[in-house]
Amino acid sequence: MNLNSIPAFQDNYIWVLSDDAGRCLIVDPGEAAPVLRAIKENNWQPEAIFLTHHHADHVGGVAELRQHFPYLEVYGPAETQDKGTTKVVAEGDKVSVFGHEFCIIATPGHTLGHICFFNMPYLFCGDTMFSGGCGRLFEGTATQMYQSLKKISALPDDTLICCAHEYTLSNMKFALSILPHDLFINEYYREVKELRAKNQKTLPVTLKNERRNNIFLRTDDVDFISEISKETKLLQPSERFAWLRAKKDNF
């Protein structure tokens, strides 16, 4: 399969996965126009839409896309039923699109019903995890998001994190403010800074990369605990995660 990212709005990515026959599925189309242009340019035949959660910048293009392609199945969590979803899916369900089976992983935190779609190596994780970061807690709790990230972190090293926003540079600036001497974080920050200076994308990234550089996956890491002990001595990783997420909100 071929992975494509379509820029939308200021910093969104709409992911499109296509096969050699030109069939494709579309993930989180916040707007229709750039997707329709890409479909025309690539002679794609859309077969399905995946929705990870209900926010407008992820679902806003569904209605227009279905006007052009009325046969499209739209898979999403229950919270997207009024956003154009035709088939509600939940944790443990499987969805088959042009012969490829995707597992549904529940990842509450950013929203209560947020889900991810996984078919190795592709993880379409919406706003749960970003490169170097994670989504804001608009509806769920810090504990829910911590558990959701643990689920993702348990996937294979070469899983491709296909998240929905280009937030990597700001996330790595924050990571450096917490772990200023970490070699991996410093090196990744330099790489990301160079890419963004050339207006190049930093996504997708491997889960292996994120385990090194995503500070939200490192709340039980010895170096992390040692560094933040100057400010807090929280005992549980989920508590340290909550402290870190609150700190990022005000960064």
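Small disclaimer: the values here were computed from a predicted structure and weren't measured.

J.: What is the right way to read the overall build of the protein chain from this model?
T.: Along the backbone of the protein chain there are 9 helices and 14 strands. Here the protein chain has a C-alpha radius of gyration of 18 Å; the compact-globule value for 251 residues is 18 Å, and the two agree. For the protein chain, the spread of C-alpha atoms along the principal axes amounts to about 55 × 40 × 30 Å. In the protein chain, which comprises 251 residues, the share counted as buried stands at 53%. Long-range contacts, defined here as pairs at least 24 residues apart, represent 60% of the contacts in the protein chain between residues at least 6 apart.

J.: Got a minute to help me understand the packing of aromatic side chains in this structure?
T.: The geometry of an aromatic ring pair is captured by two quantities: the separation of the ring centres and the angle between the planes. Enumeration according to the criterion identifies 12 aromatic pairs in this entry. Aromatic pair Phe102 and Phe124: ring centres 6.5 Å apart, planes at 35 degrees, arrangement tilted. On the criterion of sequence distance, the pair formed by Phe102 in strand S8 (residues 100-106) and Phe124 in strand S10 (residues 122-126) is long-range, its members being 22 residues apart. Residue classification places Phe102 among the buried residues on the basis of a relative accessible area of 0%. Given the relative accessible area of 0%, Phe124 is considered buried. In this arrangement the basic side chain of Lys248 is found over the ring face of Phe174, its NZ or CZ atom lying 5.9 Å from the centre.

J.: Whenever I open this one, the sheet that holds strand S6 (residues 87-88) confuses me. Can you help?
T.: In any sheet, the strands associate via hydrogen bonds between backbone groups, in a parallel or an antiparallel arrangement. A sheet is described by the order of its strands in space; here 6 strands give the open sequence S1-S2-S3-S4-S5-S6, paired in mixed fashion. Strands at the two margins of the open sheet, each flanked by one partner only, are strand S1 (2-8) and S6. Of the strands in this sheet, S1, strand S2 (12-18), strand S3 (23-27) and strand S4 (45-50) touch helix H1 (residues 33-42), which is tilted by about 140 degrees from S1.

J.: Just to check I follow, could you spell out helix H5 (residues 168-178) for this structure?
T.: Owing to its 3.6 residues per turn, the α-helix aligns residues three or four sequence positions apart on the same side. Along H5, the positions that sit buried rather than exposed are Thr168, Asn171, Met172, Phe174, Ala175, Leu176 and Ile178. Summarising the contacts, the buried residues of H5 are in contact with strand S11 (129-130), strand S12 (133-134), helix H6 (183-197), helix H7 (207-213), helix H8 (222-228) and helix H9 (237-249).

About the thresholds
Residues numbered from 1 in each chain as written. Predicted model: local features only at pLDDT ≥ 70, side-chain atom pairs only at ≥ 80, totals over all residues. Heavy atoms only, no water. Helix = DSSP H or I, 4+ residues; strand = E, 2+ residues; numbered from the N terminus. Rg over C-alpha atoms; globule rule 2.2 N^0.38 Å. Buried < 20%, exposed > 50% of the residue type's maximum accessible area, 1.4 Å probe, protein only. Contact = heavy atoms within 4.5 Å. Phe/Tyr/Trp six-rings, centres within 6.5 Å; stacked < 30°, edge-to-face > 60°. Lys NZ or Arg CZ within 6 Å of the ring centre and 35° of its normal. Pairing = 2+ DSSP bridges. Axes fitted to C-alpha atoms, helices over the stretch in contact; angles between N-to-C directions.

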